[in-house]
Amino acid sequence: MAYKLKLRIWRGDAAGGEIKDYPVEVSEGEVVLDAIHRVQGTQAGDLAVRWNCKAGKCGSCSAEVNGKPRLMCMCRLSDFAEDETITVTPMRSFPVIRDLVTDVSFNYEKAKELPSFSPPPRDADNKRRMAQVDVERGQEFRKCIECFLCQNTCHVVRDHEENKKAFAGPRFFLRYAELDMHPLDTNDRRNMAQEQAGLGMCNITKCCTEVCPEGIKITDNAIIPMKERVADRKFDPLVWLGAKIGMRNKDDDGRTEL
Amino acid sequence: MSVTDDRMSNGVGGPTRAAIPEKTLRTDRWWLAPLSTFLVFSSFIVYATWRAFADKDYFTEPYLSPFYSPCLGDCVKGSSDFGQPFGGFPLSAALIILIFPLGFRMTCYYYRKSYYRAFWLSPPACAVAEPHTTYTGETRLPLILNNLHRYFWYAAIVVGLILSYDVVLAFGPAEGESDGIHMGLGTLVLLANVVFIWLYTLSCHSCRHAVGGRLRHFSKHPVRYRLWTWVSKINVHHAKFAWYSLFSVAAADLYVMLVANGTIDDLRFF
């Protein structure tokens, strides 16, 4: 059944802006992105919005709906009462370009700083091998669609612009963890994760996990395991002593510290 | 510019961000979780501090309060199952050992999330601007010490074993009863407590790391991989066990105190 949605959208650019009312007709089963598109088609043709797949897989339509970081295409209107006002704003951690579009290049800069997967030479038959159980471990991390909602909600950069230089953010801690757990990667990334990516700045308040549209347990399965790995490398005198007297963890053999 | 604006100007109110004056546009009751956490944890801290300094009503045959176990100081007769190596300690015996469970919980990944949110408001809730102008996380003293969580976990294993031993002793006779196996409501209270303590201890993230999480080749360590999968299953409920064990340890102490000071009689089953 159609009804008139009380929709508010932030309009503006880097010079300033405000939240404006756009009451719009919506139907049962629609999502916030549908309402935004209808506003764009009927009331505000110049409304800037980034979107692509409308299926929660491309990670383009990240925004904040009633203050919560969400993918607009996965945000059902049926989750709200029909008389409820819905306010849509751009992600508030990144520089705004126009309306709902932000400049997320911070994330691409951070991606560049992360050394890529570095496998060892191939086996004699020109293949590389991994056991299935080791392949499965990293699958959860590969579900990331790079919507950057975790980066947006992380208070380390959301509330402290100056930390952006020293802090890679949850999306990249996920990548550090994936590679550090990878049996074929020849890099030891633990020191780098702490010293250059700023893992120590994370205080594990789990907002990244709360907003992940893919349901990746970023904190429990990536950040905390990575913090424990860093503790092995930097904060555990017993591990250090074990290494000194030859009780090395052979699981780490063949890795080069970055 | 108001104080709040000053604080926000470094974050969501910064010059490059979308100009929105509100520190959050959330319309749900985001403050409820941190507020309840603050109230419950504060109540526990007040209760535990009072009981730790009280130095009385912590033992009544055969029950010993978990706050005072092991009782290594100048403890009442029958309560020191591991001797009194700190017999000359002038303060309450609880203060000798409380650093271990306290340290375990203070450095616990779940409690860190909770107190950073509820006590330090860093952040109070997701996408709600925090009130601090600067932030360094866990990179400096004292918070960098949270990286020593695994050492408190090692100690927590020992504490768990001692509390388990206390439960075995709690099946013993109360004053005036014959030798042999007995059971009272207090036995069940201590038993329930130790079950929650073990669930909390074994679901710890450091435990998960130690048993297998630190490996890069699960395939080469099938036993540790199996252990890791078990710990992973309960690790999902770590926060729940943190709360249950917090309540159970306070309830166990309260029960022992009420029996010890004569407020209630222990219900004896056999």
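What you see is a predicted model; the values in this text were computed from it and never measured.

S.K.: Would you mind showing me how to read the pattern of salt bridges here?
M.R.: Pairs may arise between side chains of opposite charge once their charged atoms sit close together. Residues and elements named next belong to chain A. Applying the stated criterion across every chain yields a total of 37 salt bridges over all chains. With a closest N to O distance of 3.3 Å, K164 and E161 form a salt bridge. Here E161 falls in the partly exposed class, since its relative accessible area comes to 31%. In the salt-bridge network here, residues are joined through shared partners; they are D180, D188, R190, R229 and R255.

S.K.: Mind showing me how you'd approach the state of the cysteines here?
M.R.: When the sulfur atoms of two cysteines share a covalent bond, that bond is a disulfide. Overall, the coordinates contain two disulfides over all chains when judged by the stated rule. Two residues share a disulfide in this structure: C207 of chain A and C126 of chain B, whose sulfurs sit 2.1 Å from each other. Its S-S torsion of approximately -90 degrees makes the covalent link between C207 of chain A and C126 of chain B left-handed. Pair noted here: C207 of chain A is in helix α8 (residues 207–211) and C126 of chain B is in the loop between α5 (109–118) and α6 (149–169), and the two residues belong to different chains. Accessibility classification places C207 of chain A together with C126 of chain B in one group, the buried group. There is a disulfide in this structure between C71 of chain B and C75 of chain B, and the S-S distance comes to 2.2 Å.

S.K.: Hey, could you run me through the domain arrangement of chain A in this one?
M.R.: The accessible area lost on association of the parts is a frequent measure of interface size. All names here are of chain A. Looking at chain A, the domain boundaries give domain 1 (3–102) and domain 2 (105–257). With centres defined by C-alpha atoms, the gap from domain 1 to domain 2 works out at 33 Å. Each partner contributes residues to the interface: domain 1 has 15 residues there, and domain 2 has 15 residues. Carbon and sulfur atoms supply 54% of the area buried between domain 1 and domain 2, which totals about 1100 Å² over both sides. By the criterion of area lost to domain 2, the three top residues of domain 1 are P69, S93 and F94, representing 48% of everything that side buries. Between domain 1 and domain 2 we count two salt bridges in total. For R158, the salt bridge identified is with E64, shortest N-O distance 2.8 Å. Here domain 1 is connected to domain 2 by seven residue pairs in polar contact (both at pLDDT 80 or more). Sorting the residues of the side of domain 1 that touches domain 2 by element identifies β4 (62–65) and β5 (68–71) as the ones contributing at least two each. When the residues that make up the side of domain 1 that touches domain 2 are grouped by side-chain class, the tally is seven nonpolar, four polar and four charged.

Definitions and limits used
- Residues numbered from 1 in each chain as written.
- Chains lettered and ligands numbered in written order.
- Predicted model: local features only at pLDDT ≥ 70, side-chain atom pairs only at ≥ 80, totals over all residues.
- Heavy atoms only, no water.
- Salt bridge = Lys/Arg side-chain N within 4 Å of Asp/Glu carboxyl O.
- Buried < 20%, exposed > 50% of the residue type's maximum accessible area, 1.4 Å probe, protein only.
- Disulfide = S-S within 2.5 Å.
- Helix = DSSP H or I, 4+ residues; strand = E, 2+ residues; numbered from the N terminus.
- Domains from an automatic or database assignment.
- Contact = heavy atoms within 4.5 Å.
- Buried area = accessible area lost by both parts, 1.4 Å probe.
- Polar contact = N/O pair within 3.5 Å; in protein donor to acceptor, adjacent residues only side chain to side chain.
- Nonpolar A, V, L, I, M, F, W, Y, C, P; charged D, E, K, R; others polar.

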